[in-house]
Amino acid sequence: MTIVSRVILFSIGFLLLNLAFLVFFVFAYNYPISLVLTWMLIISAFILLVLSAITKSSSANTRDDEKRVEASNLQNKDTRSSKYIIPVAFSIVLFGSMYALQSFVRLPGTDEINIDYYAGYLILHGINPYVAANMRGVFAFTGFPLYLTTPILTGGYVTSLGYPALAAIIMVPAAAFDLQPASIPLFFSAGTFLLVYLSLGRSKSHGKTAIIALLASLSVYYSYIATGGTMDSIWVFFAIFSYITRKKPILSGVFFGIAIALKQLPIILLPFFLILFYFESGKRLKRPAEFLIAAFGAFLVPNLPFLIASPMDWLKGVTSIVTTPLMGVGFGPSALAFMGYTRIPPLFFTFMMILIFLFLIGIYIIHFDRLKYAFFVFPIVILIFNFRVETDYLNVWPLLLLPAIGEIGIGKYSTKTAVEGSDMNAHIKNHFLHKNFRVAATILLTVAIVASAASAGSYLSAKQAGTTPFTITSIVNYTVQASGEKFISSMTVAVYYQPGEGNDQSIPSLFAIYTPSNSSSIFSGVLYPLLWSSDSNITPGNNTITIRPDFNYDLIPSNTSFEIMEYYGYSFSYLRSKGLS
């Protein structure tokens, strides 16, 4: 397969992935068929992205390939400063233009970057950001709109620092010099172009030209996302640096450790990196061990002061992404559960994510010679099973694949192995046996995963209570705004609450409302439903409660069909309405 063919496959896959997001934003949650179409587009995108990096070499020749790569790198070594002019100039122009755009449009960013920025501000003033009380004033300080925050299923929204310490430390310069917070991820996004460009070497083939053109387009795309306050470009930069320096496992491990010290997400790549090191070193354990130790050390260094100062606060912070009951959101299969179409416990989706993760590790080992470079996009199908699936969980991974495609396609990788004379028949026989073994192993692994998923689903469904402790029985009354376009501004709902074992006798009145379309989400990227609540708590028996939108953003257009969900913790109750007029 030519490098141009790989670039085309990659480009189509990338476009399909983003088309999936657009389909979901347009049709929102209330059309199950739109969810199915979104999943089909994501899976199609994943397949094309994998195909763009697939190879045909034998794992037995990995060390020979490695020597060819090193020899090619030595031959391509260029000390002339001219090779830096184009990438440096492009990166500077990209950063400057996007920084000016951010200054002009004044995007509010994300709650993540605002939390990281405020945590950096606290560190600058000698205050520990992992103490939850110290972070409560984050959005009042930054002026971030509360309707864009992350809701908690027990009420309120996330204000605590839930990332490793480097996420806050890297924002200290922005806080110290009063820079736009988005300038930090934007700097690394522009720097990624320089990094990948230089990793491609001196080749002047059409293939390299195609990769650079694609790289430039992606750099503009991801830099624009960075101006919106997405922090992922920082860890992506270091993850790519880890990959392109993998011939030096300690240095590579340091870069990977920095990546996971910024955000927990890239740790999903760790087993694949270790397998890659293992096979590339001729199935020796030394290089993967060096990588792992260096990664752990690089992760620990920035976190150690906070771990020593307040170990429980630090541990609670960095594990909060899995321990805090956050509102289900996004376009994964979990939408069927938090939308009330089926009763599947949230734990099942965590279990499925782990199963798919283990499945892909097994497949990567079995088919390493073909999937060696494709593992960067494996997280797309792993994370789609998460209970929360936002766009930035999926759209960051294709960029990491680009240096690998470049390595395959511009002379740094060999896919042919010479087989001569009397060894030909033995080689064919061994290849046939090896191929059949891999097919059998793949089938057995697939059957085991499917059987495990089915068993887990049956067990967890049986353990789940048959009914929720509360029920929305009816909408008793409602009011409509008197001025301007007609919006429903309050509703009186009848709720029956029968607390079971482990339920509180009095719970907050928390409601989420799903409408067929939330047009502002197309531009804001907000996937959350409309949030409504009441100051009155729900108590055992029949309750009649008047609820109102938490923010003007959450008003319901009059005569619009909707689904109202009452929630507390992981208990949900639903009522569908054809519209109130």
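Structure's up top.
These notes cover the structure that comes with them.

What counts as what
- Residues numbered from 1 in each chain as written.
- Predicted model: local features only at pLDDT ≥ 70, side-chain atom pairs only at ≥ 80, totals over all residues.
- Heavy atoms only, no water.
- Helix = DSSP H or I, 4+ residues; strand = E, 2+ residues; numbered from the N terminus.
- Buried < 20%, exposed > 50% of the residue type's maximum accessible area, 1.4 Å probe, protein only.
- Contact = heavy atoms within 4.5 Å.
- Axes fitted to C-alpha atoms, helices over the stretch in contact; angles between N-to-C directions.
- Parallel < 35°, antiparallel > 145°, perpendicular 65-115°, else oblique.
- Left-handed = near helix turned anticlockwise from the far one by under 90°.
- Phe/Tyr/Trp six-rings, centres within 6.5 Å; stacked < 30°, edge-to-face > 60°.
- Lys NZ or Arg CZ within 6 Å of the ring centre and 35° of its normal.
- Polar contact = N/O pair within 3.5 Å; in protein donor to acceptor, adjacent residues only side chain to side chain.
- Core = buried A, V, L, I, M, F, W, Y, C linked by side-chain atoms within 4.5 Å.
- 1 Å grid on protein atoms, 1.4 Å probe; cavity = no way out; pocket = protein on both sides within 12 Å on 5 of 7 lines; lining within 4 Å.
- Points joined across faces, edges and corners; volume = space filled by probe spheres on them.
- Nonpolar A, V, L, I, M, F, W, Y, C, P; charged D, E, K, R; others polar.
- Salt bridge = Lys/Arg side-chain N within 4 Å of Asp/Glu carboxyl O.

Regarding the environment of Glu 290
For Glu 290, the location among the structural elements is in helix α14 (residues 286-309). Residue classification places Glu 290 among the partly exposed residues on the basis of a relative accessible area of 24%. With sequence-adjacent residues up to four places away left out, Glu 290 is seen in contact with Pro 249 and Ile 250.

Focus: the packing of helix α12 (residues 249-262) against α14
At a minimum axis separation of 7 Å, α12 and α14 run at an interaxial angle of 40 degrees. In terms of orientation, α12 lies oblique with respect to α14. In the crossing of α12 with α14, the sense of the turn from one axis to the other is right-handed. Contacts from Pro 249, Ile 250, Ser 252, Gly 253, Val 254, Phe 256, Gly 257, Ile 258, Ile 260 and Ala 261 in α12 reach Arg 287, Glu 290, Phe 291, Ala 294, Ala 295, Ala 298, Phe 299, Pro 302 and Asn 303 in α14.

Things to note about the packing of aromatic side chains
This structure, assessed with the given rule, holds 50 aromatic pairs. With 5.5 Å between their ring centres and 35 degrees between their planes, Phe 139 and Phe 144 make a pair best called tilted. Phe 139 gets classed as buried once you look at its relative accessible area, which sits at 5%. For Phe 144, a relative accessible area of 4% gives the class buried. Look at Phe 256 and Phe 273: their rings are 5.1 Å apart centre to centre, the planes differ by 55 degrees, and that puts the pair in the tilted class. Here Phe 256 is found in helix α12, whereas its partner Phe 273 is found in helix α13 (residues 270-280), with 17 residues between them in sequence. Grouping residues by exposure puts Phe 256 and Phe 273 together as buried. Of note, Lys 208 hangs over the ring of Tyr 197, and the distance from its end group to the ring centre comes to 5.6 Å.

Points about the side chain of Ser 577
Residue placement: Ser 577 occurs in strand β10 (residues 571-577). Taking the relative accessible area as the measure of exposure, Ser 577 reaches 16% and is therefore buried. A polar contact of 3.1 Å, which involves the side chain of Ser 577, links it to the backbone nitrogen of Gly 579. When neighbours within four sequence positions are excluded, Ser 577 is seen to be in contact with Ile 475, Ser 561 and Phe 562.

Some words on the nonpolar core
If you look at the biggest cluster of nonpolar residues, it comprises 152 residues, and the most contacted ones within it are Trp 235 and Phe 378. Broken down by element, this core gets its largest block of residues, 11 residues, from helix α18 (residues 346-366). Excluding residues within four positions of it along the chain, Trp 235 makes contact with Ala 259, Leu 262, Lys 263, Leu 265, Pro 266, Val 396, Trp 397 and Leu 400. Membership of the second largest hydrophobic core comes to 19 residues, among which are Leu 530, Trp 532, Ile 547 and Phe 562.

Observations regarding the packing of helix α4 (residues 85-105) against helix α9 (residues 183-199)
Between α4 and α9, the least distance of the axes is 9 Å, while the angle of their chain directions is 160 degrees. The orientation of α4 with respect to α9, classified from their angle, is roughly antiparallel. Crossing geometry of α4 relative to α9 is assigned as right-handed. Judged by residue contacts, Ile 86, Pro 87, Val 88, Phe 90, Ser 91, Leu 94, Phe 95, Met 98 and Tyr 99 of α4 engage Ser 183, Leu 186, Phe 187, Ala 190, Phe 193, Leu 194, Tyr 197 and Leu 198 from α9.

Structural notes on empty space enclosed by the protein
Within this structure, the stated rule accounts for four cavities of 30 Å³ or more. Reported here for the second largest cavity is a volume of approximately 110 Å³. Lining the second largest cavity, in full, are Ser 189, Thr 192, Tyr 222, Ile 225, Ala 226, Thr 230, Asp 232, Ser 233, Val 236, Val 396 and Leu 399. Partitioned by chemical class, the residues of the lining of the second largest cavity number six nonpolar, four polar and one charged.

With respect to the pattern of salt bridges
Here the structure, examined in full by the defined rule, presents nine salt bridges. The partner of Arg 246 in a salt bridge is Glu 280, and the shortest N-O contact between them spans 2.9 Å. Of this pair, Arg 246 sits in the loop between α11 (232-244) and α12 while Glu 280 sits in helix α13, and the two are 34 residues apart along the sequence. Glu 280 is paired through a salt bridge with Lys 372; the nearest N and O atoms lie 2.9 Å apart. With Glu 280 in helix α13 and Lys 372 in the loop between α19 (368-371) and α20 (378-383), this residue pair connects regions lying 92 residues apart in the sequence. Here the residues in one salt-bridge network are Arg 246, Lys 247, Glu 280, Lys 372 and Glu 407, joined through shared partners.

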